[in-house]
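Listed below, chain by chain, are the residues.
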Amino acid sequence: MKHFIHTGEFSRSELETLLHNAIANKGLRSNVLAGKSIGLLFFNSSLRTRSSFEVAIAQLGGHPVTLEVGSGVWNLEFREGAVMNADKSEHIKDAARVLSRYFDALCVRSFPGLKNLAEDMQDPIVEAFRKYASIPVINMESALYHPCQAMADMLTIRERFGKTEGVKVALSWAYHIKALPTSVANSFAVAAHQFGCDVTIVAPEGYVLPAAVMNQLGNVKLSHDLNELKKQDVVYAKSWGSLENYGVPAPESLKSWMIDLDKLGPATFMHCMPLRRNVEIADDVMDSGQNACYDQAENRLHVQKEIIRMVMG
Amino acid sequence: MKHFIHTGEFSRSELETLLHNAIANKGLRSNVLAGKSIGLLFFNSSLRTRSSFEVAIAQLGGHPVTLEVGSGVWNLEFREGAVMNADKSEHIKDAARVLSRYFDALCVRSFPGLKNLAEDMQDPIVEAFRKYASIPVINMESALYHPCQAMADMLTIRERFGKTEGVKVALSWAYHIKALPTSVANSFAVAAHQFGCDVTIVAPEGYVLPAAVMNQLGNVKLSHDLNELKKQDVVYAKSWGSLENYGVPAPESLKSWMIDLDKLGPATFMHCMPLRRNVEIADDVMDSGQNACYDQAENRLHVQKEIIRMVMG
Amino acid sequence: MKHFIHTGEFSRSELETLLHNAIANKGLRSNVLAGKSIGLLFFNSSLRTRSSFEVAIAQLGGHPVTLEVGSGVWNLEFREGAVMNADKSEHIKDAARVLSRYFDALCVRSFPGLKNLAEDMQDPIVEAFRKYASIPVINMESALYHPCQAMADMLTIRERFGKTEGVKVALSWAYHIKALPTSVANSFAVAAHQFGCDVTIVAPEGYVLPAAVMNQLGNVKLSHDLNELKKQDVVYAKSWGSLENYGVPAPESLKSWMIDLDKLGPATFMHCMPLRRNVEIADDVMDSGQNACYDQAENRLHVQKEIIRMVMG
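Keep in mind it's a predicted model, so treat the numbers as computed, not measured. (Residues numbered from 1 in each chain as written. Chains lettered and ligands numbered in written order. Predicted model: local features only at pLDDT ≥ 70, side-chain atom pairs only at ≥ 80, totals over all residues. Heavy atoms only, no water.)

**Overview of the environment of Asp 94 of chain A**
Turning to its location among the elements, Asp 94 of chain A is positioned in helix H3 (residues 92-102). Residues contacting Asp 94 of chain A, with those up to four places away along its chain left out, are Met 273, Leu 275, Arg 277, Met 286 and Tyr 294 of chain B. (Helix = DSSP H or I, 4+ residues; strand = E, 2+ residues; numbered from the N terminus. Contact = heavy atoms within 4.5 Å.)

**Things to note about the sheet that holds strand E7 (residues 168-173) of chain C**
Adjacent strands of a sheet form backbone hydrogen bonds with each other and so pair up, either parallel or antiparallel. All names here are of chain C. Taken together, the 5 strands give an open sheet; going across it, the order is E9-E8-E7-E10-E11, and neighbouring strands pair in parallel fashion. The two strands at the open ends of the sheet, each matched to only one other strand, are strand E9 (221-223) and strand E11 (268-270). Recorded for the sheet is a direction-independent mean angle of 25° between the axes of neighbouring strands. When strand E8 (residues 198-202) meets E9, the two strands line up parallel, connected through 3 bridges. Within E9, the residue paired with Thr 200 across the bridge is Lys 221. Along the sheet face, helix H7 (residues 183-194) touches E7, E8 and strand E10 (234-238) and points at about 165° away from the line of E7. (Pairing = 2+ DSSP bridges. Axes fitted to C-alpha atoms, helices over the stretch in contact; angles between N-to-C directions.)

**Some details on the pattern of salt bridges**
It is possible for side chains of opposite charge to pair when their charged atoms get near one another. Applying the stated criterion across every chain yields a total of 80 salt bridges over all chains. Among the salt bridges present, the one from Arg 130 of chain B reaches Glu 127 of chain B, with a minimum N-O distance of 2.7 Å. A residue pair is termed a helical-turn pair when its members lie 3 or 4 positions apart in one helix, as Arg 130 of chain B and Glu 127 of chain B do in helix H5 (residues 124-132) at 3 residues. Under the relative-accessibility criterion, Arg 130 of chain B is labelled partly exposed at 23%. Residues Lys 231 of chain C and Glu 228 of chain C are paired through a salt bridge, measuring 2.9 Å at the closest nitrogen-oxygen approach. (Salt bridge = Lys/Arg side-chain N within 4 Å of Asp/Glu carboxyl O. Buried < 20%, exposed > 50% of the residue type's maximum accessible area, 1.4 Å probe, protein only.)

**Quick notes on the interface of chain A and chain B**
Accessible area lost upon the coming together of the parts is a frequently used measure of interface size. In this complex, chain A contributes 31 residues to the contact, which on the side of chain B involves 34 residues. Surface buried jointly by chain A and chain B totals about 2,800 Å² across both partners, of which 54% is contributed by carbon and sulfur atoms. Looking only at chain A, the three residues that lose the most surface to chain B are Trp 74, Arg 101 and Tyr 102 of chain A, adding up to 27% of its buried area. For the interface between chain A and chain B, the tally reads 6 salt bridges. Counting the contacts that link chain A with chain B gives 19 residue pairs in polar contact (both at pLDDT 80 or more). Elements represented by at least two residues in the side of chain A that touches chain B include exactly strand E2 (63-68), strand E4 (90-91) and H3 of chain A. No other element matches the 8 residues that H3 of chain A contributes to the side of chain A that touches chain B. (Buried area = accessible area lost by both parts, 1.4 Å probe. Polar contact = N/O pair within 3.5 Å; in protein donor to acceptor, adjacent residues only side chain to side chain.)

**Thoughts on the relation of the copies chain A and chain C**
Of the two same-sequence chains, chain A is brought onto chain C (RMSD 0.0 Å, axial shift 0.0 Å) by a rotation of 120°. Put plainly, the chains are arranged around a three-fold axis. Looking at the rotation axis and the C-alpha trace of chain A, the residue lying nearest is Ser 71 of chain A, at 4.8 Å. The residues that chain A uses at the interface reappear at the interface of chain C in only 6% of cases, marking distinct surfaces. (Least-squares fit on C-alpha atoms with pLDDT ≥ 70 in both.)

**A closer look at the packing of aromatic side chains**
The description of two aromatic rings rests on the distance between their centres and on the angle between their planes. Residues and elements named next belong to chain C. Tallying each qualifying case throughout the model produces 18 aromatic pairs over all chains. Seen from their ring centres, Phe 43 and Phe 129 are 6.4 Å apart, and the 75° between their planes marks the pair as edge-to-face. Of this pair, Phe 43 sits in the loop between strand E1 (37-42) and helix H2 (48-59) while Phe 129 sits in helix H5 (residues 124-132), and the two are 86 residues apart along the sequence. Residue classification places Phe 129 among the buried positions, given a relative accessible area of 0%. (Phe/Tyr/Trp six-rings, centres within 6.5 Å; stacked < 30°, edge-to-face > 60°.)

**With respect to the relation of the copies chain A and chain B**
Relative to chain B, chain A is turned by 120° and slid 0.0 Å along the rotation axis, the superposed coordinates differing by an RMSD of 0.0 Å. A low fraction, 6%, of the interface residues of chain A reappear at the interface in chain B, so the copies pair through non-equivalent surfaces.

**Structural notes on the interface of chain A and chain C**
Of the residues lining the interface, 34 residues belong to chain A; the matching set on chain C comes to 31 residues. Taking both sides of the interface into account, the surface hidden between chain A and chain C amounts to around 2,800 Å²; carbon and sulfur atoms contribute 54%. In this assembly, chain A and chain C are joined by 6 salt bridges. Measuring nitrogen to oxygen at the nearest pair gives 2.8 Å for the salt bridge that ties Glu 90 of chain C to Arg 48 of chain A. Remark: the boundary between chain A and chain C carries 19 residue pairs in polar contact (both at pLDDT 80 or more). For the side of chain A that touches chain C, the secondary structure elements donating two or more residues are helix H2 (48-59), E2, helix H10 (283-286) and helix H11 (293-311) of chain A. By residue number, the principal contributor to the side of chain A that touches chain C is H2 of chain A, which donates 8 residues. Residue composition of the side of chain A that touches chain C, by class: 14 nonpolar, 7 polar and 13 charged. (Nonpolar A, V, L, I, M, F, W, Y, C, P; charged D, E, K, R; others polar.)

**Comments concerning the domain arrangement of chain A**
Residue and element names in this part refer to chain A. Under the domain assignment used here, chain A contains domain 1 (7-145 + 300-311) and domain 2 (149-296). In this complex, domain 1 contributes 28 residues to the contact, which on the side of domain 2 involves 32 residues. When the two sides are added together, the surface that domain 1 and domain 2 hide from each other amounts to roughly 2,500 Å², 61% of it contributed by carbon and sulfur. Among the salt bridges present, the one from Lys 26 reaches Glu 159, with a minimum N-O distance of 2.5 Å. Of all elements in the fold, only helix H1 (12-24), helix H4 (117-121) and H11 reach the threshold of two or more residues within the side of domain 1 that touches domain 2. (Domains from an automatic or database assignment.)

**A closer look at the packing of helix H6 (residues 147-161) of chain A against helix H7 (residues 183-194) of chain A**
Helix-helix packing is described using two parameters, namely the angle between the two axes and the distance between the axes. All names here are of chain A. At a closest axis distance of 8 Å, the pairing of H6 and H7 adopts a crossing angle of 45°. If you check the angle between H6 and H7, you find them oblique. Crossing handedness for the pair H6 and H7: right-handed. Of the residues in H7, those in contact with Pro 147, Ala 150, Asp 153, Met 154 and Ile 157 of H6 are Ser 187, Phe 188, Ala 191 and Ala 192. (Parallel < 35°, antiparallel > 145°, perpendicular 65-115°, else oblique. Left-handed = near helix turned anticlockwise from the far one by under 90°.)

**Topic: helix H7 (residues 183-194) of chain B**
All names here are of chain B. Across its 12 residues, H7 extends 16 Å between first and last C-alpha, which sits within 8% of the 16 Å expected from 1.5 Å per residue. Burial analysis of H7 places 11 of its 12 residues in the buried class, the great majority of the element. Buried positions along H7 lie against helix H1 (12-24), helix H6 (147-161), strand E7 (168-173), strand E8 (198-202), helix H8 (211-214) and strand E10 (234-238). Two residues or fewer after H7 comes Gly 196, characterised by a positive phi angle close to 80°. (Expected span 1.5 Å × (residues − 1).)

Structural data, given as structure tokens:
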């Protein structure tokens, strides 16, 4: 059984094959999923992920079924042995086993609760589906990882620079009015390291990635200095919340971490979106020719078609 | 015009043909619904029903359109002659006639309101669709009945025991923190009687099924003693609310009606799901080899494909 | 790039061709959209629009992806240069560009906010999609227009009277408990004028259509007298809110504007639905043979298939 939950579970060679196929098969329509149905289970909102997965499945000839937990679909419990006398009507143990009887693969989006750090670090929801589903599980962004985004990011860098090896990329923390998950930052950093990029993480003091992620990054460079951005080929901006003050929004003093053209310098700009203009990122960056965000978004479609084909054999 | 609203409206022979075809056509893909669209109208949440109907329709080559009343779709009035100056924007009379112009069949889920017993006993919403739609209507669980579940249940018993005739089944009331509809219990009891099972209803005093349902059950056995469960081939657990204290949750003193392996004995365990582990049903039952719930869930898909084919000729 | 946002942007000859094709191709199934996906983006609820667009796309062999803003999809900002530090997570600039990478066309429903008249008169949301999308945009009802409804209305008149030229139609204001948009009334009046109908607007004093719409209507007749209805071939009833007391419901003294058979006289009755029975329209009209509403609703499907084919070349 193959799942796609974290790029770190695949070799660089396997991931390179995915990128290679994604480029080769852009625009391809096929019937490899004829007669097959894939469930898309959302615990959280989505625009890109939902659209690109539905279109990917349709372009492969399959049928997507989109399910929204808590809105149309019962709330789901994930704790083992729970006495379910509160707001959850069904256990993931049961939901995963049932959905495995209907679908040929299951894609899951489940953000972290941002209340209990230790629990979130276990990536409990997507891991419960991995454990109890008997069909391939694809991670559409979990508490810890967003591997489909990271593969789209790698494809975008490959297309812009003809390579990923040695490309200088900064993961730059950005201000946001809410405390956000670390998942996109985690997966980008891990994948960039796997693909041989020269990675620098630029963030205010106290804004670190989880230790379990840092351990996968080798001798990654760390900086608190936004001037580092001007030395890069790529600046990947992303807000994430403090792990110390977990779930607490950043202080307003960090508003100055919004990326504008002046801070960006000549680098290609990347972001997973959605993003808040003039809070995280200034209009001048978004509306400039340096903005690669729309290509990243499009590349979601191309890589996901290959991820689906890979896990489904 | 054929509808599928209650198994009691079909002969045993018709229902046996459905089961026969469901077994014969498991896994079949076809194009009998090519160019056809089927509406799935949900007044209430769903995981199994929504997934299994969407997949069933896709496997038959048709296009499912899922609509959620009150979330994306206007709230619907069902009372004849209503002066619609409150929270309902459209009448089922009109919605049913309009949807009949777009779809080739319409599947409806509408739980009881649990406030007005006399009104719920009329099964007003699904009956309004039967009255005003000019296309086949399939009941995806109404105030009174859940016939697709009951057919999946009969298929599960048939597969486990090679027959339904004479199989000893207990419908066992289970504790729940909410007052639930009687629909699943009603349809299971009626279908089990139609298929010749030896039915016993085991429930606390005061937890009865509606008289209109009891009248369809012949000389069904009634018991208040959980020790009856150990004498059965099948224990079908299901919570339902009191008809006397309508809409009021069961007293905590009935928590002891949770089914665990000790109460279950050697019987095959069945439940329609969703279920609250360690409230309705103990983990030891759910995670045991006696649990047939996942087969029941899968059989939803198989029987529904045949129900759709039957009503659409 | 062709969009379908307002009938006034098309010549009568282009619109006549649409109607001609809609009649000729009723019931047709095709594969012109094979391998293509169309996004259906809803900022507001829908029954007819959602169902008829999904079915239209499926009948043409394409794949519809339905997205609900604010429920499953991020809330979207439309103001240029906004500092996005409030409740909107993404800008339409970005959403439109991203969705253009996935879909082959985008259909948008966005009612007016009914708080800021000047802003609503700019039709800001659908116009932002027109500006930033790089794929055809179809208006599924905006702040100002509902052109798909108007085309279905014209088709219905054509079918009932064999022509539209010279057919006497009254657009009759109807009472409603809420202040409603003018979009349906605007598009009906404009299209009826474009198709040569003899149009009278019958409304209480103070209930006018926007000046920008009136300017498109030539020498349209205006009346405050419900007795005008009895002189018509068609009465098209529709409530809309006051532009002076913008967003404020009509006074109860206007309840007498509910249309019943007595007021209607011998005319064919039309309404876009949804409608509140016995508030806007009496049961006696809805359940009479003069009611053409269900044909109007069905004609949505037929005209939309042609609108999709037209904008997609």
